[in-house]
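# Examining the three-dimensional arrangement
Residues per chain, in single letters:
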Amino acid sequence: MSKIGRIYSATSSAMHDRYFIMKASRKSKLDKVEQNLKIYVETTSGPSTINPLEAIKRFGKAYKVGAKRIKENEAVENLFKKPSAISQIITYVAKVIKG
């Protein structure tokens, strides 16, 4: 993914997190999944706030968490881009038998 794509994805993720936490703080009854997500988002970027400076700081925290998650996902994806040694051996044996 390009650098601009990473920035866009991390920003989008942070916006969704902050939007969810804002809506969840106003909701009186949450189901189990929403409750767990609310707890996770509050621990990573903080609870909902109406103070603009605090909101910007918490958005920055959510952005950093999103960027870190994207880099971790890319690292895992890169492991599967290169064929493993076993698959290379099987491909070589198949070519020898075929050919």
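Quick summary incoming for the structure in this document.

Here is what the cut-offs are and how they apply
Residues numbered from 1 in each chain as written. Predicted model: local features only at pLDDT ≥ 70, side-chain atom pairs only at ≥ 80, totals over all residues. Heavy atoms only, no water. Helix = DSSP H or I, 4+ residues; strand = E, 2+ residues; numbered from the N terminus. Buried < 20%, exposed > 50% of the residue type's maximum accessible area, 1.4 Å probe, protein only. Contact = heavy atoms within 4.5 Å. Polar contact = N/O pair within 3.5 Å; in protein donor to acceptor, adjacent residues only side chain to side chain. Salt bridge = Lys/Arg side-chain N within 4 Å of Asp/Glu carboxyl O. 1 Å grid on protein atoms, 1.4 Å probe; cavity = no way out; pocket = protein on both sides within 12 Å on 5 of 7 lines; lining within 4 Å. Points joined across faces, edges and corners; volume = space filled by probe spheres on them. Nonpolar A, V, L, I, M, F, W, Y, C, P; charged D, E, K, R; others polar.

### Observations concerning the environment of T44
With respect to the helices, strands and loops of the structure, T44 is situated in helix α2 (residues 32-45). Since its relative accessible area comes to 24%, T44 is described here as partly exposed. For T44 and V65, which are 21 residues apart along the polypeptide, the C-alpha to C-alpha distance reads 7.2 Å. In this structure, T44 is in contact with K61 and V65, ignoring residues within four places of it in sequence. Among the polar contacts listed, one links the side chain of T44 to the backbone oxygen of V41, at a separation of 3.1 Å.

### Structural notes on the pattern of salt bridges
Tallied over the entire structure, the rule returns four salt bridges. The closest approach of N and O atoms between E34 and K27, which form a salt bridge, is 3.4 Å. Across the pair E54 and R58 runs a salt bridge, and its minimum N-O distance is 3.6 Å. Remark: R58 and E54 occur in helix α3 (residues 52-81); sequence separation between them is four residues, near one turn of the helix. Take E54: its relative accessible area is 27%, and that puts it in the partly exposed class. Taken together, the shared-partner salt bridges connect E54, K57 and R58 into one network.

### A word on the layout of surface pockets
In this structure, the largest pocket encloses a volume near 180 Å³. Considering the residues around the largest pocket, the lining is formed by R18, I21, M22, S25, R26, S48, T49, I50, A55 and F59. Going through the elements one at a time, α1 (3-26) and α3 are the ones with two or more residues in the lining of the largest pocket. Its residues assigned to classes, the lining of the largest pocket shows five nonpolar, three polar and two charged.

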